[in-house]
Amino acid sequence: MTQEELFKKLIAHCKEYGFVFQSSEIYDGLSAVYDYGQNGVELKNNIRRYWWEAMTRLNENIVGIDAAIFMHPQTWVASGHVGAFNDPLIDNKDSKKRYRADVLIEDWIAKIDDKINKEVEKAAKRFGDTFDEAMYRQTNPRVMEYQSKIDEVNKRMVAALEASDLAEVKKIIEDCEIVCPISGSKNWTDVRQFNLMFDTKLGSVTDEANTIYLRPETAQGIFVNYLNVQKTGRMKIPFGIAQVGKAFRNEIVARQFIFRMREFEQMEMQFFVRPGEEMKWYEFWKETRMRWHKAMGLGDNKYRFHKHEKLAHYANAASDIEFQFPFGFKEVEGIHSRTDFDLSNHQKYSGKKLQYFDPETNESYVPFVVETSIGLDRTFLLVLSSAYNEEKITKEDGTVDERVVLKIPAALAPVKLAIFPLVKKDGLPEKARKIMDELKFDFACQYEEKDTIGKRYRRHDAIGTPFCITIDHQTLEDETVTIRYRDTMEQERVPASKLRGIMIEKVSISNLLKKI
Ligand code: ATP
């Protein structure tokens, strides 16, 4: 199965099993807006909880807030979003399709990079054990030529974007002979800037002064509250404020399912530090956040850092954590050293002092900020895309069966325990309900009595339920039940009284937290 096929199947699976639906589907949907279904909302809540507890429970100096989506319009002038939250867009005149100009160039670079990788793979096969990849990359003329093309285009793009030189961005597209993926033509419009913020009117007067924005990031709600929290919580620097909430961006090109949405959720933490200490904390949070990801156990080799060459208007250092999605390595989280840009600007625009008095140094200053910013929806996609598996199973009678199983980390699974009476009679349903009534206070349980046990297993494999418990006639005699494990499909007979203890150990979020 190619990665593209896998991704298509995953999207279909998300719909079929109540994880993700297209928004307003009965009206043919709304582009790049999605709804979470009955299983999706549970998985999303669990990921959110894993992040929230990692931030606010594991760090005594981090607290949470929940700020409103609407903010005073000056907020977005001060933050630079009104002036600079733009993407360069370009249209193809033949297909009438709109693209982000920088993404077209990045995709072109990725294609050349693919060519290099293919050359390297071929050479590795040819030379076998004696192959020295680094040497080959530095000396093979074809690879060197590709690499120098990449470096040159990258340099030109970064310079053009930094200088907002849109004519040069277009020239790069022309020089690289980039064609529209739909029409195949090079018939491009000029490149224009496009502001990504949604605006609306506050109250009933449609006056320009009443224009307010749907926040494009949650961070600003934290910045404007930083002194409220610092004072009421008696926080001492360094300290952090965490928040989870909706953000809105009018993305030019929104593809790839829930990877790029127009309404999405961010989990952000702003860490306030002494000026001059930001690089230390930047490195600290890079490493800490990577450990959070790896603790989910989805495969350490699927993650990598990507250092930003072109920095956002507020940053003096920035790295992304990228994950290997079915469509390649892509950003899931950003770690940014935002300097004192935001607080200083809010101080300037509001006329209110936003300084912190440091009792250790006896000085007042505007703190520097290191932020970690992760998309909840992208993390959801990351978990599901690595959890999705199709397996062939040889049954006892020698026939081969297939199953789709979501190997979601047990602590994040929407349903932790499925409880089945073997048959719908002989008092087994009543016994099963009784066991469920004891467990439902601690775990998300589901009771199922319809169809054969095999079919019930498949249904729960498909939504990632890690444990299925079967109650049979023996249960009535000796109070034992069978646990069936999702990943190994092994079964084990255990006393019903031990279920709670066994489950707590396997499915609680604290298990993940301890691994960070
Ligand atoms: P990209 O380069 O992919 O547009 P970004 O660098 O603009 O992302 P940030 O502003 O750093 O993203 O936002 C932090 C995180 O929020 C991202 O790492 C991502 O997980 C998430 N995010 C940003 N934009 C979207 C979106 N349109 N849909 C879903 N998640 C998003």
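Residues numbered from 1 in each chain as written. Predicted model: local features only at pLDDT ≥ 70, side-chain atom pairs only at ≥ 80, totals over all residues. Heavy atoms only, no water.

Novice: Would you take a moment to explain the site of the ligand for this structure?
Specialist: E251, R260, M261, E331 and V332 are the nearest of the 16 residues found near the ligand. At 2.8 Å from a nitrogen atom of the ligand is found a main-chain nitrogen or oxygen belonging to M261. V332 places a polar main-chain atom, nitrogen or oxygen, 2.8 Å from an oxygen atom of the ligand. Against a free-state accessible area of 590 Å², the protein chains account for coverage of 87% of the ligand. Every element with two or more residues in the shell around the ligand is listed here: β10 (263–273), β13 (328–339) and β16 (368–375). Per-element accounting of the shell around the ligand gives the leading share, 5 residues, to β13. For the shell around the ligand, the per-class residue count stands at 4 nonpolar, 5 polar and 7 charged. (Near = heavy atom within 4 Å. Polar contact = N/O pair within 3.5 Å; in protein donor to acceptor, adjacent residues only side chain to side chain. Areas by Shrake-Rupley, 256 points an atom, 1.4 Å probe, with all protein chains shown as cover. Helix = DSSP H or I, 4+ residues; strand = E, 2+ residues; numbered from the N terminus. Nonpolar A, V, L, I, M, F, W, Y, C, P; charged D, E, K, R; others polar.)

Novice: Is there a simple way to think about the packing of aromatic side chains in this case?
Specialist: Two aromatic rings, taken as a pair, are described by how far apart their centres are and by the angle between their planes. Overall, the coordinates contain 24 aromatic pairs when judged by the stated rule. Geometrically, the ring pair formed by Y50 and W292 is stacked, given 4.5 Å between the ring centres and 15° between the ring planes. Linking Y50 in helix α2 (residues 38–56) with W292 in helix α11 (residues 278–294), this pair joins segments that are 242 residues apart in sequence. For W292, a relative accessible area of 1% translates into the label buried. Seen from their ring centres, F420 and Y457 are 6.0 Å apart, and the 50° between their planes marks the pair as tilted. (Phe/Tyr/Trp six-rings, centres within 6.5 Å; stacked < 30°, edge-to-face > 60°. Buried < 20%, exposed > 50% of the residue type's maximum accessible area, 1.4 Å probe, protein only.)

Novice: Help me out: how do you make sense of the domain arrangement of the protein in this one?
Specialist: Where interface size is given, it is often the accessible area lost as the parts come together that is meant. On domain assignment, one finds that the protein holds domain 1 (1–71 + 211–390), domain 2 (86–195) and domain 3 (410–513). Taking only C-alpha atoms into account, the centre of domain 2 sits 52 Å from that of domain 3. (Domains from an automatic or database assignment.)

Novice: For this particular structure, what's the right way to read the packing of helix α1 (residues 3–16) against helix α13 (residues 376–387)?
Specialist: When two helices pack together, you describe them by how their axes are tilted relative to each other and by the distance separating the axes. α13 packs onto α1 with a crossing angle of 110° between their chain directions and a minimal axis gap of 10 Å. Comparing the axis directions of α1 and α13 gives the class roughly perpendicular. For the pair α1 and α13, the crossing hand works out as right-handed. Together, F7, L10 and C14 of α1 and L381, L384 and S385 of α13 make up the contact between the two elements. Grouping the amino acids of the contact of α1 with α13 by side-chain chemistry returns 5 nonpolar, 1 polar and no charged. (Axes fitted to C-alpha atoms, helices over the stretch in contact; angles between N-to-C directions. Parallel < 35°, antiparallel > 145°, perpendicular 65-115°, else oblique. Left-handed = near helix turned anticlockwise from the far one by under 90°. Contact = heavy atoms within 4.5 Å.)

Novice: Is there a simple way to explain a nonpolar patch on the surface in this structure?
Specialist: A cluster of nonpolar side chains, contributed by V77, V82 and Y349, occupies part of the molecular surface with about 210 Å² of accessible area. Position of Y349 among the secondary structure elements: in helix α12 (residues 341–350). Given the relative accessible area of 38%, Y349 is considered partly exposed. (Patch = residues over 30% accessible without salt bridge, like charges linked within 9 Å, V, L, I, M, F, W, Y side chains within 5 Å. Salt bridge = Lys/Arg side-chain N within 4 Å of Asp/Glu carboxyl O.)

Novice: Can you help me understand the environment of G464 in this one?
Specialist: By the secondary structure assignment, G464 is in the loop between α15 (453–463) and β21 (467–471). As a C-alpha pair, G464 and L43 span 421 residues in sequence and 10.0 Å in three-dimensional space. Each residue touching G464, except ones within four places of it in the same chain, is listed here: L406, I408, A413, V415 and R486.

Novice: What is the right way to read the sheet that holds strand β6 (residues 192–195) from this model?
Specialist: Strand pairing in a sheet is mediated by backbone hydrogen bonds. Such pairs are either parallel or antiparallel. Taken in spatial order, the 3 strands line up as β5-β4-β6 in an open sheet, and their pairing is antiparallel. Each edge of the open sheet is held by one strand with a lone partner, namely β5 (98–100) and β6. Across this sheet, the average inter-strand angle for adjacent strands is 45°, counted without regard to direction. As judged from the 4 bridges shared by strand β4 (residues 86–91) and β6, these two strands associate in the antiparallel manner. Along β6, the bridge assignment pairs N86 with N195. (Pairing = 2+ DSSP bridges.)

Novice: Help me understand the state of the cysteines in this model?
Specialist: Working definition of a disulfide: a covalent bond connecting the sulfur atoms of two cysteines. In this structure the tally under the stated criterion is 0 disulfides. Considering cysteine sulfurs only, C468 is the nearest to C14, which forms no disulfide, with 20 Å between them. In this structure C14 comes out as buried when scored by relative accessible area, which is 2%. Of all cysteine sulfurs in the structure, the one in C468 sits closest to C445, which takes part in no disulfide; the separation is 12 Å. (Disulfide = S-S within 2.5 Å.)

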